[in-house]
Amino acid sequence: MRALLLCCLVALADLSLNPNKIYEYQYEGHVKFGLGRQNHAESGARLKCIVKIMGTQSDTYLLQFSNVVFEEFNGFPGKSDYMAANQVAEKIAAQLAKPIGFTYSSGIVGEIKASPEVSDTVVNMARGVLGFFHLTVKNNQDIYELEEIGIHGRCLSNYAAKTSNEGKVMDLTHVVDVSNCREKAAVHYGMAAAVEDRFSKERGKSIYGTVKHTYNIKATEEGGLITKAQALEVHFFTTFNVKKGSLMMEAMKELMLISEKEKTQDIPFDRQMTSRGNIMYKVVKNWVNVPVIMQKLDDPVPKAIELIKRLAQANRHQIDSSTTEEAVKLYQLLRVIPIEQLEKMWADVEGNPDERNWFLHTIVEVNDARILTFLERVLREEKLKTFEAITVIVRAFNHLEATPELLSMAEKFLTMTYNHPMIRRTVVLSYGSLVYKHCAYYTPCREDAIRPLLRMAEESRRNSNDMEKILILKALGNAGHPRSLKTIEKFLPGVDPNTNLEDVKPRVLSAAVQAMRLITFREPHGVQLRTLKLFLNRQLKAEIRMLALMIMFDTKPSMALVSTVTAHLLEERDMQVVNFAYTYFKSLSRSMTPDNHYLSTAASVAVKIMAPKFGRLYYTKSSATRMDWFHDDYLIGTAAEAYMLKRASQLIPAELMVKFDFHFIARIVQLVEFGIRPEGLRDLFGANIPEFRGDFSMADFQAIFDVLKKWETLPDDKPLFSFFTRCYGQEFFYNDFSKDFVERMMRMFSASAGKDSFVWEMIQQLLQGYSWRGVLPFLTVESRYIQATTLGLPLEISKLYHVVNGLSVNAHAAISPQVTENLGQLLSTETTVKTDGFIGYTKNFWLFYGINTDLFQSAVEIKTIHPVAIPWNFVAKINFRERKFELEIPRSNKEVEIFSFSSNAYAISRNIVHPEAAKKTPLIPNEQSVSQTSNSKLKQSNRWHPVEKMCYKSTVYGVSFCTEYELRREYYQDEYPLYYFLGYTHYAIKVVPVQEASSVEKIRLEINLAPHAVSQDVRQLLNNLRRMSKEGRLSSSSSSSSHELQDRQSDRPSRGMEGSPVPVLDFKVLALSSSQRAEGYEASFYYTPEGESQSSQFIVSYVGDSSNWKMCVNTAVTTEAKAHIAWGAECQAYSVSVRSAYLFGPKPELKAVFHWDRVPETLMQKGRSIAKYVPGIGLLLGFTQEEEKNAMQEVSASVIAASADSIDVKIKFPELTLRREALPSPLPISRTTTEQ
């Protein structure tokens, strides 16, 4: 008996199939997507078939499918049913008709073979079935763990076996953690610019999945035979942290043995079958299968032409947001059209500006050899305008699939000649971006990829061409290839022993240092060695050393390296370098983003070491500032950095840089970066500005202007300033503004410019009537992540972000008297311009989570649309001689939606048989579509459905500004924030005509920069205003304690009461009716000289029938800043005042007082309601509270510098005082004992 049992165990452990038998199994697999909760919509698909396995040789078998049934599900579980899709089933059956060959021995599926015409998709579906037979059974262990290859890749598997007492049947459980595979059957493309952040993964995951198999295995003479098997795969996905709610995929498959019989004849093996790999899923990278749409792709050329014409027509004058989704359909069609037909389409649309524009900016999404072939042809034939060429090249290269073959094909663009230097510059930079993208997907990155740029760099050194050096270094910076480090260091004095400092200009050296910025992610150690040498080299300019420090810290240096840098800084003599490093370290020490988790600790230690010696921050010197935020529940964060690099002997910075990063789902995207290098301006201003006092008075502006007038003394080879722009870490544009450029601009706009001037030409076009329109469609993001499922179907997570920008202008001008000689004559004319047009955009975003094949799609899809539409129609009049401006806007009886945002999540089902009949069910039902369950174990949801519309109506101007929103949510408190974002969202801002004001014909805006003398009534009003302001200050001073603000002028007459007000500006906004009756508001600004003080008055008056409502504002700046505001009838009804002062001394103090005399009761009620929350808010912010009697109609605050980096804050309310001490200071504190 024991021997029999042992034989059975050995047989069970040796899984096998008898090549002389035919096994027939019933197979069923289904997949569904949703939230995994009752009363929420789901989409799904189900496949049923008969699977037959036949032996051809001792270990070679054929797999054949028959009786294929395909069904779709879209609706609510328990209420909706699967619906048969017979025509889709026929298509699937046709693809599954040919048998699949495979080898099988001891439970291992070996090589899989198929005929060449069998698609990889079908082979993957066969893998889904064969995955049941691929497992490891051990006869000497009940529980074991091992790493093995399966359909999901090389993953960790856990087994648990239980054998019956008779030893003839084994129950086996097999679990695979598909989230942690050493080699995963998955591909992620479209996000090469998003750097992976392993520290963010430690905070949480956005994707998690596992598969559980259960088997019934019976012992046979040949070995263990699977009689029944089931598999359940569950995936969780969210754009946030899966711990806080997620979308869910559930895939289940079942295999049941229904017959086992002997072969009656030999079954031949098709020798034309070719190897298709092993059991591991083969990811099919098919850019044509765009996940968010499905359409029939037969005869694509007429469909594409029709779409181009329709899009061009619909978006000709303004953006039609209902058509922008069709651009994605156009991308898909263009991706299946051969190059010969694409070129024929170009010939057809080339002469039509609108259709040409749509073709050029959509063909860039044909991301293979065809776009390079097309680009080469049109560039060689010079068919593109400069702007067209630049935009098409940037987008085509950045969206190109960066395979080795396409990279080699793109090299030829580096040696082509172009009709504009900016085009060549764009090509070189874009090639560098293509190399970076290539290296993101091919590791290790081939040296061949960067070799063309390395050759160009060497050539630029031999020719001593500084402009070429800068261009190639910027391209190497885009590429981020580790093998370029040795070439870059040849431009770095002190790093390369053969490079002299005198031979490298500062701007070339700056470009060389920044060329290492992306290598920091791929070869951090090599970058650290080189940047440390640069930083320690005190012969270099300060800005170069600071740049080196920035790049060094991008490598996330260790505590040891930060300590080394800190030790050298303690001996540093250049305070520009010290201040930059100290401010940088201090900002980093407060960083919350995961990538700086350890670096922030090191920076904090460095700050503590440096503080005793360099604790005072100087924000007029070189500095670095970083502000960031990160939320663990969202796994989302942002970061902003600003750098100012200066030299000790110069006033203007050497370089200024700002960059913004976005952190999400364990990746970092360098959104945008700007930089400016004011080289010529820096030399022009030198160390100081003669006669500049720093109070920004007219004398200061004159001093600055006197320096700028000397710009002609600068050398011709040095630009006044240069700037660059980077997006997603890639520099795509930079330019220099030289003396020659400034001279051309000055000649172009000078009063003496004549008929050969560009401005004169533009004026003539306006006089004849000018029209221009432009539309720019842009698929900004196409990110696709595809991985295997146990069914052999591709699970795809995709994000598409599409933008259509539009601008159209129509304008016609009239000038009286006409200009005949030069532009200076415009100063004696009245110019009228009538114009109408549109500016706006529509942004579409899709998030797709589901199965995406060429035959069907089943998924959860989140879709948002965000249009902005700003039309205009007005007449503008400018009288240069009288310094008057007038704008007339005619009444519009149309409702205009200028801003809207709509979003919803859907369960989606599409198939290729009826693509136009896609099923789309909102994930969160509009109404309670299914009954609630009484199961107390289910989590209780929160339903929220606010709907609101608010309008601000102006009967004076006949227009309303309305906002409306509607939200529909059903979420769970313990799964925030995902459920807060799922559901219907709509928000809109509209401009609506007011029917009650139908007599209003137009709105007129008048601005007079040379107003007439002040009338006696206005003069009296101004005197009353200043007198009330004085009384308000006395009242406020008498009601405050001795520690409050002291009015130093309270014991003497108000200086300047006799000062004459000088009119500065008048402007009116009036509504004109058909009878030309005016109604609206008029505002006047006055300046009143009052000795050393600076006083100004602002009066707003209502223009209409017998109204004396006015609002008056009086401001004065002496030793303190004061403002008095009064409103009502002749500014007598209500008034408030504000005063603030900065007191210098050992402990500088900033004080402010808000005092009210008379205010409307509605404002008092709002103030009292807000006051109720003050104690609670103060407690949350860490303030101590004391109930004490203070001035009754006053709120005051004081901020005192307690130390070099902390402040004390005190806020007084009428019956409450809040205090907080030693609060970290957000700004630098300057200390002085000078008496003011």
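Residues numbered from 1 in each chain as written. Predicted model: local features only at pLDDT ≥ 70, side-chain atom pairs only at ≥ 80, totals over all residues. Heavy atoms only, no water.

## Remarks on the overall build of the protein chain
Right, on to step 1. Of regular secondary structure, the protein chain possesses 29 helices and 44 strands.
Right, on to step 2. Projected onto the principal axes, the alpha-carbon positions of the protein chain cover approximately 120 × 80 × 70 Å.
Right, on to step 3. For the protein chain, the proportion of its 1236 residues judged to be buried stands at 51%.
Right, on to step 4. Intrachain contacts of the protein chain at a sequence separation of at least 6 include 68% that bridge at least 24 residues.
Right, on to step 5. In the protein chain, the 146 positive side-chain charges and the 141 negative ones have mean positions that sit 2 Å from each other. (Helix = DSSP H or I, 4+ residues; strand = E, 2+ residues; numbered from the N terminus. Buried < 20%, exposed > 50% of the residue type's maximum accessible area, 1.4 Å probe, protein only. Contact = heavy atoms within 4.5 Å. Lys, Arg positive; Asp, Glu negative; His and termini not counted. Charge placed at Lys NZ, Arg CZ, Asp CG, Glu CD.)

## So, helix H16 (residues 506-514)
Right, on to step 1. For H16, the buried fraction is high: eight of the nine residues fall into the buried class.
Right, on to step 2. Every buried residue of H16 is listed here: Arg507, Val508, Leu509, Ser510, Ala511, Ala512, Val513 and Gln514.

## Quick word on the pairing of strand S20 (residues 721-727)
Right, on to step 1. Two strands pair when backbone bridges link them, and strand S19 (residues 667-677) and S20 are joined in this way by six bridges, in the antiparallel orientation. Opposite arginine 677, over in S20, you have serine 722 as the bridge partner.
Right, on to step 2. Bridge count for S20 against strand S21 (residues 730-737) is seven bridges, and the pairing is antiparallel. Bridge pairing in S21 links cysteine 727 to glutamine 730.
Right, on to step 3. Taken together, S20 and the strand that follows it, S21, pair antiparallel across an intervening segment of two residues, in which tyrosine 728 is found at a positive phi of about 55 degrees. (Pairing = 2+ DSSP bridges.)

## Observations concerning the packing of aromatic side chains
Right, on to step 1. Applying the stated criterion to the full structure yields 32 aromatic pairs.
Right, on to step 2. Arranged with centres 5.9 Å apart and planes meeting at 45 degrees, the rings of phenylalanine 580 and tyrosine 584 form a pair that is tilted. Here the residue phenylalanine 580 and the residue tyrosine 584 both occupy positions in helix H20 (residues 575-589), the gap between them amounting to four residues, near one helical turn.
Right, on to step 3. Above the ring of tyrosine 841, the side-chain terminus of lysine 843 is found at 4.6 Å from the ring centroid. (Phe/Tyr/Trp six-rings, centres within 6.5 Å; stacked < 30°, edge-to-face > 60°. Lys NZ or Arg CZ within 6 Å of the ring centre and 35° of its normal.)

## Observations concerning the packing of helix H18 (residues 542-554) against H20
Right, on to step 1. Relative to each other, H18 and H20 sit at 20 degrees, their axes nearing to 9 Å. In terms of orientation, H18 lies roughly parallel with respect to H20. Handedness of the H18/H20 crossing: right-handed. Residues Ala542, Arg545, Met546, Leu549, Met550, Phe553 and Asp554 of H18 pack against Gln576, Val577, Phe580, Ala581, Tyr584, Phe585 and Leu588 of H20.
Right, on to step 2. For the contact of H18 with H20, the residue count by class is eleven nonpolar, one polar and two charged. (Axes fitted to C-alpha atoms, helices over the stretch in contact; angles between N-to-C directions. Parallel < 35°, antiparallel > 145°, perpendicular 65-115°, else oblique. Left-handed = near helix turned anticlockwise from the far one by under 90°. Nonpolar A, V, L, I, M, F, W, Y, C, P; charged D, E, K, R; others polar.)

## Considerations on the packing of helix H17 (residues 524-536) against helix H19 (residues 559-569)
Right, on to step 1. Running from N to C, H17 and H19 cross one another at 10 degrees; their axes reach a closest spacing of 11 Å. The pairing of H17 with H19 is recorded here as roughly parallel in orientation. Residues Gln528, Leu532, Phe535 and Leu536 of H17 pack against Leu561, Val565, His568 and Leu569 of H19.
Right, on to step 2. Split by residue class, the contact of H17 with H19 holds six nonpolar, two polar and no charged.

## Some words on the pattern of salt bridges
Right, on to step 1. Taken as a whole, this structure holds 76 salt bridges when the rule is applied.
Right, on to step 2. A salt bridge links lysine 201 to glutamate 196, with the shortest nitrogen-to-oxygen separation between them at 3.3 Å.
Right, on to step 3. Glutamate 1186 is the partner of arginine 1219 in a salt bridge, and the nearest nitrogen-oxygen pair spans 3.0 Å. One end of the pair, arginine 1219, is in strand S44 (residues 1216-1224); the other, glutamate 1186, is in strand S41 (residues 1184-1186), with 33 residues separating them in the sequence.
Right, on to step 4. A relative accessible area of 37% means that glutamate 1186 is categorised as partly exposed.
Right, on to step 5. One salt-bridge network, in which partners are shared between bridges, spans Arg507, Glu543, Arg647, Glu655, Arg677, Glu679 and Asp736. (Salt bridge = Lys/Arg side-chain N within 4 Å of Asp/Glu carboxyl O.)

## Brief notes about the confidence of the model for the protein chain
Parts of the model with low pLDDT should not have their predicted coordinates read in detail.
Right, on to step 1. Within the protein chain, residue pLDDT values average 87, and 92% of them lie at 70 or more.
Right, on to step 2. The model gives residues 1-6 a pLDDT under 50, and that stretch makes three contacts with residues more than four places away or in other chains. (pLDDT = per-residue confidence, 0-100.)

## Topic: the environment of tyrosine 801
Right, on to step 1. By the secondary structure assignment, tyrosine 801 is in strand S23 (residues 794-816).
Right, on to step 2. Taking the C-alpha atoms as reference, tyrosine 801 lies 5.8 Å from asparagine 844; in sequence the two are 43 residues apart.

## Observations regarding the state of the cysteines
Right, on to step 1. Going through the model one piece at a time under the given rule, you end up with four disulfides.
Right, on to step 2. Covalent S-S linkage joins cysteine 439 and cysteine 445, the inter-sulfur distance amounting to 1.9 Å. Disulfide cysteine 439 to cysteine 445: torsion about the S-S bond roughly -60 degrees, handedness left-handed. Neither cysteine 439 nor cysteine 445 differs from the other in exposure class; each is buried.
Right, on to step 3. When the bonded cysteines of the protein chain are numbered from the N-terminus onward, they pair as 1-2, 3-4, 5-6, 7-8. (Disulfide = S-S within 2.5 Å.)

## Thoughts on a nonpolar patch on the surface
Right, on to step 1. A cluster of nonpolar side chains, Val658, Phe660, Leu671 and Phe674, forms an exposed patch at the surface whose accessible area comes to about 310 Å².
Right, on to step 2. Going through the elements one at a time, strand S18 (655-664) and S19 are the ones with two or more residues in the nonpolar patch.
Right, on to step 3. Relative to the assigned elements, phenylalanine 674 resides in strand S19. (Patch = residues over 30% accessible without salt bridge, like charges linked within 9 Å, V, L, I, M, F, W, Y side chains within 5 Å. Areas by Shrake-Rupley, 256 points an atom, 1.4 Å probe, with all protein chains shown as cover.)

## Quick word on unusual backbone geometry
Keep in mind that most residues, glycine aside, have a negative phi and that most peptide bonds are trans.
Right, on to step 1. Between threonine 443 and proline 444 the backbone carries a cis peptide bond, its omega angle lying at -5 degrees.
Right, on to step 2. Relative to the helices and strands, proline 444 is located in the loop between helix H12 (421-441) and helix H13 (451-463).
Right, on to step 3. A positive phi angle, near 60 degrees, is found at cysteine 1131, a position not held by glycine.
Right, on to step 4. Here cysteine 1131 lies in the loop between strand S38 (1121-1129) and strand S39 (1134-1143).
Right, on to step 5. Overall, cysteine 1131 belongs to the buried group, its relative accessible area being 1%.
Right, on to step 6. Although it is not a glycine, alanine 1222 adopts a positive phi angle of roughly 55 degrees.
Right, on to step 7. You can see alanine 1222 is positioned in strand S44.
Right, on to step 8. The class of alanine 1222 is exposed, set by a relative accessible area of 53%.

## Re helix H9 (residues 369-380)
Right, on to step 1. End to end, H9 covers 17 Å across twelve residues, agreeing with the expected 16 Å (1.5 Å per residue, within 8%).
Right, on to step 2. Among all positions in H9, only Arg370, Ile371, Leu372, Phe374, Leu375, Glu376, Val378 and Leu379 are buried.
Right, on to step 3. Tucked inside the fold, the buried residues of H9 contact helix H6 (326-334), helix H7 (339-349), helix H8 (353-363), helix H10 (386-399) and helix H11 (404-410).
Right, on to step 4. One or two positions beyond H9, positive phi appears at glutamate 382, with a value near 55 degrees. (Expected span 1.5 Å × (residues − 1).)

## Re the side chain of threonine 238
Right, on to step 1. Structurally, threonine 238 can be placed in the loop between strand S13 (224-237) and strand S14 (247-262).
Right, on to step 2. At 3.0 Å, the side chain of threonine 238 and the backbone nitrogen of phenylalanine 240 are in polar contact. (Polar contact = N/O pair within 3.5 Å; in protein donor to acceptor, adjacent residues only side chain to side chain.)

## Some points on the side chain of aspartate 554
Right, on to step 1. As for its position among the elements, aspartate 554 is in helix H18.
Right, on to step 2. For aspartate 554, the residues in contact, after removing those within four places along its chain, are Thr520, Tyr584 and Lys659.

## Some details on the environment of glutamate 572
Right, on to step 1. Turning to its location among the elements, glutamate 572 is positioned in the loop between H19 and H20.
Right, on to step 2. A residue is classified by how much of its surface remains accessible, and glutamate 572, at 8% relative accessible area, is buried.
Right, on to step 3. Expressed as a C-alpha distance, the spacing of glutamate 572 and valine 283, which sit 289 residues apart in the sequence, is 56 Å.
Right, on to step 4. Setting aside residues no more than four positions away along its own chain, glutamate 572 makes contact with Arg538, Arg545, Val577 and Val578.
Right, on to step 5. A distance of 3.1 Å separates the side chain of glutamate 572 from the backbone nitrogen of aspartate 574, its partner in a polar contact.

## Describing the environment of serine 808
Right, on to step 1. With respect to the element layout, serine 808 can be found in strand S23.
Right, on to step 2. Overall, serine 808 belongs to the buried group, its relative accessible area being 7%.
Right, on to step 3. Sequence separation of serine 808 and glycine 837 is 29 residues, and the distance between their C-alpha atoms is 5.2 Å.
Right, on to step 4. At a separation of 2.8 Å, a polar atom in the side chain of serine 808 contacts the main-chain carbonyl oxygen of histidine 317.

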